[in-house]
Amino acid sequence: DTGVSQDPRHKITKRGQNVTFRCDPISEHNRLYWYRQTLGQGPEFLTYFQNEAQLEKSRLLSDRFSAERPKGSFSTLEIQRTEQGDSAMYLCASSPRLRQGVHYTFGSGTRLTVV
Amino acid sequence: DQQVKQNSPSLSVQEGRISILNCDYTNSMFDYFLWYKKYPAEGPTFLISISSIKDKNEDGRFTVFLNKSAKHLSLHIVPSQPGDSAVYFCAAFGSARQLTFGSGTQLTVLP
C-alpha cells in the first residue's frame, strides 16, 4: 500500500486556463475527500465521495469546480477558468467507512499557482 | 464561522520541555477529535485522536486532553524533540461526518 497519491505535485497556470488534478486513494478505502488549504489556514472541505457517488459539496465549490470519481477508484478535480484566488494547496484524503477510531489519510497535495 | 479555533499561530519550546497546543470548538455536535501534524510540502499526517466519551488519550510522548464543558482540547508533547517542529492541526468530526480543521499552530522545538 503506497498511501494516497496526488498528481501533479505542482501546477502553474495562467488565469483563465483549465486545470485537472488526480488523486489515487488507498485501494480499500471507499471514501475520498477533497480539501483546499491556503496560507495560514487549515484545510477546508470541498467535497467527498462514497464509492462513485458524490455525497456532499461545500459552498466553497463554485460552478467552476467539478469533481468525479468514476468506478469508485481514482478521482479528478477540475477547475475551469482559473482565477488568482484559486491558488492554494489541494489535498485529497481517503478513509474506510467512518466509525469511531477511523481517520483520514492525506496525500501530499497539489500546489496550484495561478499567474 | 470558524467552528474549530487554534488561537496561537505559533509556539516555541526548548528541546526536552513540554509543548502544549490548544484548540477550542464551538459546535456541541462534535463527538470525535483528532490532531494532525504537517511538514512543509507534505499532506497532514494523523497523530492522535480522542472520543467525546473520554477525557484523555495517550500515545507515547503525545497526550490529548478533552474538556467537553469548556469545549476545549489540548495536545501535550513530552519531551519535545526538534523533529516535532511542524504545523499541528486540531480537527473534529460531527454530524456532518467530515473533518473540520482549525487554522493550525506552528511548533518550533529549539535544540
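Up top is the structure.
J.: Just to check I follow, could you spell out the overall build of chain A for this structure?
T.: Helices and strands together make up the secondary structure of chain A, namely 0 helices and 11 strands. The C-alpha radius of gyration of chain A comes to 13 Å, within 12% of the 13 Å expected for a compact globule of 115 residues. A principal-axis box enclosing the C-alpha atoms of chain A has dimensions of 40 × 25 × 25 Å. When the 115 residues of chain A are sorted by exposure, 47% land in the buried category.

J.: How do you make sense of the interface of chain B and chain A when you look at a structure like this?
T.: It is common to report an interface's size as the accessible area lost on association of the parts. Between chain B and chain A, the contact holds 20 residues from the first and 20 residues from the second. Approximately 1700 Å² of surface area, both sides summed, lies buried where chain B meets chain A, with 55% of it carried by carbon and sulfur atoms. Ranking the residues of chain B by area buried against chain A places Arg97, Gln98 and Phe101 of chain B at the top, with a combined share of 27%. At the junction of chain B with chain A, the criterion picks out 0 salt bridges. In this assembly, chain B and chain A are joined by 4 residue pairs in polar contact (both at pLDDT 80 or more). Those elements that place two or more of their residues in the side of chain B that touches chain A are strand S4 (32–38), strand S5 (45–51) and strand S9 (86–93) of chain B. Across the side of chain B that touches chain A, the residue classes tally to 11 nonpolar, 5 polar and 4 charged.

J.: Looking at this structure, how should I read the pairing of S9 of chain B?
T.: If a strand is regular, its side chains alternate between the two faces of the sheet. Residue and element names in this part refer to chain B. In terms of burial, S9 is a largely internal element, 7 of the 8 residues being buried. Pairing between S4 and S9: 7 bridges, direction antiparallel. Bridge pairing links Tyr32 to Phe93 in S9. Here 3 bridges tie S9 to strand S11 (residues 105–110), and the two strands are oriented antiparallel to one another. From the neighbouring strand, Tyr88 faces S11, where its bridge partner is Thr105. With 2 bridges connecting them, S9 and strand S10 (residues 100–101) associate as antiparallel partners. Bridge assignment links Ala91 to a residue of S10, and that residue is Phe101. Where S9 hands over to S10, the hairpin turn is made up of 6 residues, of which Arg97 adopts a positive phi near 60 degrees.

J.: Sorry, what's going on with a nonpolar patch on the surface here?
T.: Residue and element names in this part refer to chain B. A contiguous nonpolar patch, built from Ile18, Ile20 and Val78 and spanning about 220 Å² of accessible area, is present on the exposed surface. Looking at the element boundaries, Val78 is found in the loop between strand S8 (72–77) and S9. Owing to a relative accessible area of 41%, Val78 belongs among the partly exposed residues under this scheme.

Reading the values: the criteria
Residues numbered from 1 in each chain as written. Chains lettered and ligands numbered in written order. Predicted model: local features only at pLDDT ≥ 70, side-chain atom pairs only at ≥ 80, totals over all residues. Heavy atoms only, no water. Helix = DSSP H or I, 4+ residues; strand = E, 2+ residues; numbered from the N terminus. Rg over C-alpha atoms; globule rule 2.2 N^0.38 Å. Buried < 20%, exposed > 50% of the residue type's maximum accessible area, 1.4 Å probe, protein only. Contact = heavy atoms within 4.5 Å. Buried area = accessible area lost by both parts, 1.4 Å probe. Salt bridge = Lys/Arg side-chain N within 4 Å of Asp/Glu carboxyl O. Polar contact = N/O pair within 3.5 Å; in protein donor to acceptor, adjacent residues only side chain to side chain. Nonpolar A, V, L, I, M, F, W, Y, C, P; charged D, E, K, R; others polar. Pairing = 2+ DSSP bridges. Patch = residues over 30% accessible without salt bridge, like charges linked within 9 Å, V, L, I, M, F, W, Y side chains within 5 Å. Areas by Shrake-Rupley, 256 points an atom, 1.4 Å probe, with all protein chains shown as cover.

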